[in-house]
Amino acid sequence: MDNGPDAIGIFDSGIGGLTVLRRIVERLPGESTVYLGDTARVPYGTKSPDTVRRYAMACARVLLGRGIKMLVVACNTASAHAVEYLQDALDVPVVGVVEPGARAAASCTVSGRIGVIGTRGTVASGVYERAIAAIRPDTRVWSRACPLLVPLAEEGWVRGPVPEQVVAAYLSELLEHEIDTLVLGCTHYPLLSDIIRAAVGPSVQIVDSAEATAAVVEEVLVAAGIASSGGNAQRTYLVSDAPESFAKTGREFLNHGIDDVEWVDF
Ligand code: DGL
(Lines give C-alpha, C1' and ligand atoms only; values in the text may rest on other atoms or scores of the structure.)
Protein backbone atom coordinates (compact mmCIF):
# COMPACT_ATOMS: atom_id res chain seq x y z
CA MET A 1 0.00 0.00 0.00
CA ASP A 2 1.36 3.44 -0.90
CA ASN A 3 -0.13 6.70 0.28
CA GLY A 4 1.63 8.65 -2.45
CA PRO A 5 3.73 11.77 -1.98
CA ASP A 6 1.01 13.53 0.00
CA ALA A 7 1.32 11.76 3.32
CA ILE A 8 3.04 12.85 6.52
CA GLY A 9 5.38 10.11 7.76
CA ILE A 10 5.56 9.66 11.54
CA PHE A 11 7.71 7.21 13.44
CA ASP A 12 8.26 6.18 17.02
CA SER A 13 10.08 3.35 18.74
CA GLY A 14 6.69 1.71 19.14
CA ILE A 15 3.19 2.62 20.06
CA GLY A 16 3.72 5.81 22.08
CA GLY A 17 4.04 8.08 19.07
CA LEU A 18 0.35 7.50 18.42
CA THR A 19 -0.17 10.32 20.96
CA VAL A 20 1.59 12.58 18.45
CA LEU A 21 -0.30 11.13 15.49
CA ARG A 22 -3.55 11.77 17.34
CA ARG A 23 -2.75 15.47 17.79
CA ILE A 24 -1.66 15.79 14.16
CA VAL A 25 -4.89 14.19 12.92
CA GLU A 26 -6.98 16.39 15.24
CA ARG A 27 -5.27 19.50 13.93
CA LEU A 28 -4.86 18.48 10.29
CA PRO A 29 -7.68 16.03 9.51
CA GLY A 30 -7.25 16.41 5.75
CA GLU A 31 -3.63 15.18 5.77
CA SER A 32 -2.90 11.53 5.04
CA THR A 33 -0.51 9.87 7.49
CA VAL A 34 1.78 6.85 7.49
CA TYR A 35 2.75 5.82 11.03
CA LEU A 36 5.66 3.46 11.67
CA GLY A 37 6.12 1.87 15.10
CA ASP A 38 9.51 0.16 15.44
CA THR A 39 8.04 -2.44 17.78
CA ALA A 40 10.85 -4.92 17.10
CA ARG A 41 13.47 -2.57 18.57
CA VAL A 42 11.54 -0.74 21.32
CA PRO A 43 12.63 0.66 23.78
CA TYR A 44 14.92 3.33 22.38
CA GLY A 45 15.12 5.11 25.74
CA THR A 46 17.78 2.74 27.10
CA LYS A 47 19.93 2.53 23.93
CA SER A 48 23.07 4.47 23.00
CA PRO A 49 22.80 7.61 20.83
CA ASP A 50 24.58 5.86 17.91
CA THR A 51 22.18 2.93 17.98
CA VAL A 52 19.15 5.23 18.15
CA ARG A 53 20.49 7.23 15.16
CA ARG A 54 20.89 4.03 13.18
CA TYR A 55 17.37 2.89 14.03
CA ALA A 56 15.96 6.34 13.24
CA MET A 57 17.56 6.33 9.79
CA ALA A 58 16.17 2.85 9.12
CA CYS A 59 12.66 4.06 10.06
CA ALA A 60 13.05 7.15 7.88
CA ARG A 61 14.06 4.98 4.89
CA VAL A 62 10.96 2.79 5.27
CA LEU A 63 8.72 5.87 5.33
CA LEU A 64 10.54 7.56 2.43
CA GLY A 65 9.92 4.35 0.50
CA ARG A 66 6.22 5.17 0.91
CA GLY A 67 6.75 8.54 -0.74
CA ILE A 68 6.13 10.79 2.28
CA LYS A 69 6.35 14.59 1.93
CA MET A 70 7.59 15.26 5.47
CA LEU A 71 8.88 13.29 8.44
CA VAL A 72 7.84 13.64 12.07
CA VAL A 73 10.10 12.03 14.64
CA ALA A 74 7.44 11.32 17.26
CA CYS A 75 9.84 9.67 19.70
CA ASN A 76 11.53 12.01 22.18
CA THR A 77 14.60 9.79 22.47
CA ALA A 78 15.03 9.64 18.68
CA SER A 79 14.39 13.39 18.52
CA ALA A 80 17.10 13.92 21.14
CA HIS A 81 19.70 11.88 19.26
CA ALA A 82 18.78 11.94 15.59
CA VAL A 83 16.76 14.95 14.38
CA GLU A 84 19.73 17.02 13.18
CA TYR A 85 21.29 13.97 11.58
CA LEU A 86 18.05 13.24 9.67
CA GLN A 87 17.59 16.89 8.73
CA ASP A 88 21.09 16.92 7.21
CA ALA A 89 20.62 13.63 5.40
CA LEU A 90 17.08 13.83 4.01
CA ASP A 91 15.41 15.92 1.32
CA VAL A 92 12.05 16.23 3.10
CA PRO A 93 11.33 18.53 6.08
CA VAL A 94 12.00 16.77 9.39
CA VAL A 95 10.27 17.82 12.62
CA GLY A 96 11.08 16.34 16.03
CA VAL A 97 9.13 16.65 19.27
CA VAL A 98 11.81 18.27 21.44
CA GLU A 99 12.02 21.70 19.81
CA PRO A 100 8.21 22.26 19.82
CA GLY A 101 7.97 21.06 23.45
CA ALA A 102 10.83 23.37 24.43
CA ARG A 103 9.18 26.32 22.70
CA ALA A 104 5.87 25.63 24.44
CA ALA A 105 7.60 25.35 27.84
CA ALA A 106 9.53 28.56 27.31
CA SER A 107 6.35 30.43 26.52
CA CYS A 108 4.32 28.85 29.38
CA THR A 109 6.68 29.48 32.27
CA VAL A 110 6.28 32.59 34.38
CA SER A 111 8.83 31.86 37.12
CA GLY A 112 11.33 30.41 34.62
CA ARG A 113 11.54 27.19 36.67
CA ILE A 114 10.85 24.22 34.37
CA GLY A 115 10.80 20.46 34.97
CA VAL A 116 11.29 17.86 32.24
CA ILE A 117 10.52 14.15 32.49
CA GLY A 118 11.63 11.63 29.87
CA THR A 119 13.52 8.41 29.22
CA ARG A 120 17.06 7.93 30.48
CA GLY A 121 18.38 8.59 26.95
CA THR A 122 16.49 11.86 26.55
CA VAL A 123 17.42 13.12 30.01
CA ALA A 124 21.09 12.10 29.67
CA SER A 125 21.31 13.94 26.33
CA GLY A 126 20.44 17.29 27.97
CA VAL A 127 18.53 18.18 24.82
CA TYR A 128 15.62 19.91 26.54
CA GLU A 129 17.98 22.02 28.68
CA ARG A 130 19.80 23.19 25.56
CA ALA A 131 16.67 23.81 23.51
CA ILE A 132 14.91 25.76 26.29
CA ALA A 133 18.04 27.80 27.13
CA ALA A 134 18.42 28.75 23.46
CA ILE A 135 14.93 30.27 23.52
CA ARG A 136 14.84 31.61 27.11
CA PRO A 137 18.30 31.86 28.68
CA ASP A 138 16.72 33.26 31.87
CA THR A 139 15.11 29.89 32.74
CA ARG A 140 16.32 26.97 34.87
CA VAL A 141 15.52 23.40 33.89
CA TRP A 142 15.53 20.29 36.09
CA SER A 143 15.15 16.90 34.40
CA ARG A 144 14.21 13.50 35.73
CA ALA A 145 14.31 10.14 33.97
CA CYS A 146 11.14 8.13 34.70
CA PRO A 147 11.88 4.70 33.18
CA LEU A 148 8.97 2.88 34.85
CA LEU A 149 6.34 5.10 33.24
CA VAL A 150 6.80 3.57 29.76
CA PRO A 151 5.98 -0.02 30.81
CA LEU A 152 3.07 1.21 32.96
CA ALA A 153 1.58 3.04 29.96
CA GLU A 154 2.25 0.04 27.68
CA GLU A 155 0.38 -2.17 30.15
CA GLY A 156 -2.50 0.30 30.23
CA TRP A 157 -1.84 0.64 34.00
CA VAL A 158 -2.53 4.36 34.07
CA ARG A 159 -4.90 4.64 37.05
CA GLY A 160 -4.84 3.57 40.71
CA PRO A 161 -2.36 3.46 43.57
CA VAL A 162 0.59 1.85 41.75
CA PRO A 163 1.07 4.45 38.98
CA GLU A 164 0.12 7.19 41.47
CA GLN A 165 2.96 6.20 43.81
CA VAL A 166 5.46 5.81 40.99
CA VAL A 167 4.58 9.21 39.51
CA ALA A 168 4.66 10.87 42.96
CA ALA A 169 8.11 9.39 43.69
CA TYR A 170 9.52 10.55 40.35
CA LEU A 171 8.07 14.05 40.60
CA SER A 172 8.82 14.83 44.25
CA GLU A 173 12.33 16.13 43.59
CA LEU A 174 11.21 18.31 40.66
CA LEU A 175 8.43 19.77 42.80
CA GLU A 176 10.98 20.69 45.51
CA HIS A 177 12.50 23.02 42.92
CA GLU A 178 9.16 24.85 42.75
CA ILE A 179 8.75 24.40 39.02
CA ASP A 180 5.76 26.14 37.41
CA THR A 181 5.95 24.15 34.14
CA LEU A 182 6.43 20.43 33.51
CA VAL A 183 7.32 19.05 30.07
CA LEU A 184 6.09 15.54 29.29
CA GLY A 185 9.23 14.64 27.34
CA CYS A 186 8.19 11.12 26.36
CA THR A 187 5.53 9.87 23.98
CA HIS A 188 3.93 7.64 26.63
CA TYR A 189 3.43 10.16 29.41
CA PRO A 190 0.27 11.84 28.05
CA LEU A 191 -1.49 8.55 28.89
CA LEU A 192 -0.64 9.20 32.54
CA SER A 193 -1.57 12.86 32.41
CA ASP A 194 -4.48 12.58 34.89
CA ILE A 195 -2.17 11.17 37.53
CA ILE A 196 0.61 13.59 36.67
CA ARG A 197 -1.85 16.49 36.88
CA ALA A 198 -3.03 15.32 40.33
CA ALA A 199 0.59 14.93 41.53
CA VAL A 200 1.79 18.39 40.44
CA GLY A 201 -1.32 20.34 41.45
CA PRO A 202 -3.07 23.17 39.67
CA SER A 203 -0.22 25.69 39.84
CA VAL A 204 2.05 23.73 37.45
CA GLN A 205 1.40 23.96 33.71
CA ILE A 206 1.83 20.67 31.87
CA VAL A 207 3.34 20.83 28.40
CA ASP A 208 2.45 17.92 26.16
CA SER A 209 4.99 18.02 23.34
CA ALA A 210 2.53 16.10 21.09
CA GLU A 211 0.21 19.12 20.90
CA ALA A 212 3.06 21.54 20.37
CA THR A 213 4.50 19.30 17.64
CA ALA A 214 1.21 19.20 15.70
CA ALA A 215 1.24 23.00 15.59
CA VAL A 216 4.80 23.01 14.23
CA VAL A 217 3.90 20.36 11.63
CA GLU A 218 1.17 22.68 10.36
CA GLU A 219 3.56 25.65 10.27
CA VAL A 220 6.15 23.66 8.30
CA LEU A 221 3.60 22.31 5.79
CA VAL A 222 2.22 25.79 5.15
CA ALA A 223 5.67 27.44 4.95
CA ALA A 224 6.90 24.78 2.51
CA GLY A 225 3.72 25.06 0.42
CA ILE A 226 2.99 21.34 0.78
CA ALA A 227 -0.18 21.38 2.91
CA SER A 228 -2.93 19.12 1.57
CA SER A 229 -5.66 20.82 -0.36
CA GLY A 230 -8.16 18.34 1.14
CA GLY A 231 -9.59 15.10 -0.14
CA ASN A 232 -9.72 11.64 1.23
CA ALA A 233 -7.15 11.39 4.03
CA GLN A 234 -5.71 7.89 4.49
CA ARG A 235 -4.33 6.37 7.70
CA THR A 236 -1.64 3.73 7.30
CA TYR A 237 -0.03 1.86 10.20
CA LEU A 238 3.23 -0.06 9.87
CA VAL A 239 5.10 -2.00 12.56
CA SER A 240 8.31 -4.04 12.66
CA ASP A 241 6.80 -6.65 15.01
CA ALA A 242 3.52 -7.90 16.54
CA PRO A 243 0.85 -6.06 14.51
CA GLU A 244 -2.06 -7.57 16.51
CA SER A 245 -0.80 -6.32 19.84
CA PHE A 246 -0.11 -2.89 18.30
CA ALA A 247 -3.70 -2.73 17.06
CA LYS A 248 -5.01 -3.71 20.50
CA THR A 249 -2.96 -1.25 22.59
CA GLY A 250 -3.26 1.42 19.92
CA ARG A 251 -6.91 1.81 20.79
CA GLU A 252 -5.86 3.23 24.22
CA PHE A 253 -3.65 5.81 22.58
CA LEU A 254 -6.07 6.89 19.86
CA ASN A 255 -9.46 6.34 21.50
CA HIS A 256 -10.60 4.42 18.43
CA GLY A 257 -9.80 1.14 16.78
CA ILE A 258 -6.99 0.66 14.24
CA ASP A 259 -7.59 -1.48 11.19
CA ASP A 260 -4.99 -3.05 8.98
CA VAL A 261 -1.68 -2.83 10.77
CA GLU A 262 0.98 -3.91 8.26
CA TRP A 263 4.16 -5.72 9.31
CA VAL A 264 7.33 -4.44 7.65
CA ASP A 265 10.75 -6.05 7.83
CA PHE A 266 13.75 -3.71 7.94
N1 DGL B 1 9.14 6.72 22.43
C2 DGL B 1 10.09 6.85 23.53
C3 DGL B 1 10.28 8.34 23.84
O4 DGL B 1 9.43 9.17 23.60
C5 DGL B 1 9.64 6.10 24.76
C6 DGL B 1 9.71 4.59 24.60
C7 DGL B 1 11.11 4.10 24.34
O8 DGL B 1 11.97 4.12 25.26
O9 DGL B 1 11.38 3.69 23.22
O10 DGL B 1 11.31 8.69 24.33
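The shown structure was predicted, so the numbers you read here are calculated from the model rather than taken from an experiment.

A. Representation of the packing of helix α4 (residues 98-108) against helix α10 (residues 209-223) within the structure. The N-to-C vectors of α4 and α10 enclose an angle of 110°; their axes lie 8 Å apart at closest approach. As judged from the angle between their axes, α4 and α10 are roughly perpendicular. Of the residues in α10, those touching α4 at Pro100, Gly101, Arg103 and Ala104 are Ser209, Ala212, Thr213, Val216 and Glu219. Class assignment for the residues of the contact of α4 with α10 results in four nonpolar, three polar and two charged.

B. Layout of the site of the ligand. The full set close to the ligand counts 13 residues, and Asp12, Ser13, Tyr44, Gly45 and Thr77 are the nearest of them. Within the side chain of serine 13, one N or O atom sits 2.6 Å away from an oxygen atom of the ligand. Contact between the ligand and threonine 187: a nitrogen atom at 2.9 Å from a side-chain N or O atom of the residue. Here the ligand, which alone exposes 300 Å², has 98% of that area covered by the protein. Class assignment for the residues of the shell around the ligand results in five nonpolar, seven polar and one charged.

C. Just the sheet that holds strand β2 (residues 33-37), in detail. What the six strands build is an open sheet, ordered β4-β3-β1-β2-β9-β10; its pairing is parallel. Looking at the sheet topology across the chains shown, the edges are occupied by β4 (94-96) and β10 (261-263). Strand-to-strand twist across the sheet, computed as the mean angle between neighbouring axes with direction ignored, equals 20°. Direction of pairing for strand β1 (residues 8-12) relative to strand β3 (residues 70-73): parallel, over a ladder of four bridges. Bridging from a neighbouring strand, isoleucine 10 pairs with valine 72 of β3.

D. How the structure looks around the packing of aromatic side chains. Under the criterion given, the structure shown has three aromatic pairs. Judged by centre distance (5.9 Å) and plane angle (35°), the rings of tyrosine 35 and phenylalanine 246 are tilted. Taken together, the residues span a long stretch of sequence, with tyrosine 35 in strand β2 and phenylalanine 246 in helix α11 (residues 243-254) at a distance of 211 residues. Taken as a pair, tyrosine 35 and phenylalanine 246 share a single burial class, namely buried. Of the aromatic side chains, those joined through ring pairs into one cluster are Tyr35, Tyr237 and Phe246. The side chain of arginine 41 reaches across the aromatic face of tyrosine 55, ending 5.5 Å from its centre. When the ring centre of phenylalanine 266 is taken as reference, the NZ or CZ atom of arginine 41 above it lies at 4.5 Å.

E. Focus on the pattern of salt bridges. Enumeration according to the criterion identifies eleven salt bridges in this entry. Two residues, aspartate 208 and arginine 23, come together in a salt bridge whose shortest N-O distance is 3.9 Å. Note that aspartate 208 is positioned in strand β8 (residues 205-208) and arginine 23 in helix α1 (residues 18-27), a separation of 185 residues in sequence. Residue class for aspartate 208 comes out buried when judged on its relative accessible area of 14%. Residue class for arginine 23 comes out partly exposed when judged on its relative accessible area of 23%. A salt bridge links arginine 66 to glutamate 262; its shortest N-O distance comes to 2.9 Å.

About the cut-offs
Residues numbered from 1 in each chain as written. Predicted model: local features only at pLDDT ≥ 70, side-chain atom pairs only at ≥ 80, totals over all residues. Heavy atoms only, no water. Axes fitted to C-alpha atoms, helices over the stretch in contact; angles between N-to-C directions. Helix = DSSP H or I, 4+ residues; strand = E, 2+ residues; numbered from the N terminus. Parallel < 35°, antiparallel > 145°, perpendicular 65-115°, else oblique. Contact = heavy atoms within 4.5 Å. Nonpolar A, V, L, I, M, F, W, Y, C, P; charged D, E, K, R; others polar. Near = heavy atom within 4 Å. Polar contact = N/O pair within 3.5 Å; in protein donor to acceptor, adjacent residues only side chain to side chain. Areas by Shrake-Rupley, 256 points an atom, 1.4 Å probe, with all protein chains shown as cover. Pairing = 2+ DSSP bridges. Phe/Tyr/Trp six-rings, centres within 6.5 Å; stacked < 30°, edge-to-face > 60°. Buried < 20%, exposed > 50% of the residue type's maximum accessible area, 1.4 Å probe, protein only. Lys NZ or Arg CZ within 6 Å of the ring centre and 35° of its normal. Salt bridge = Lys/Arg side-chain N within 4 Å of Asp/Glu carboxyl O.

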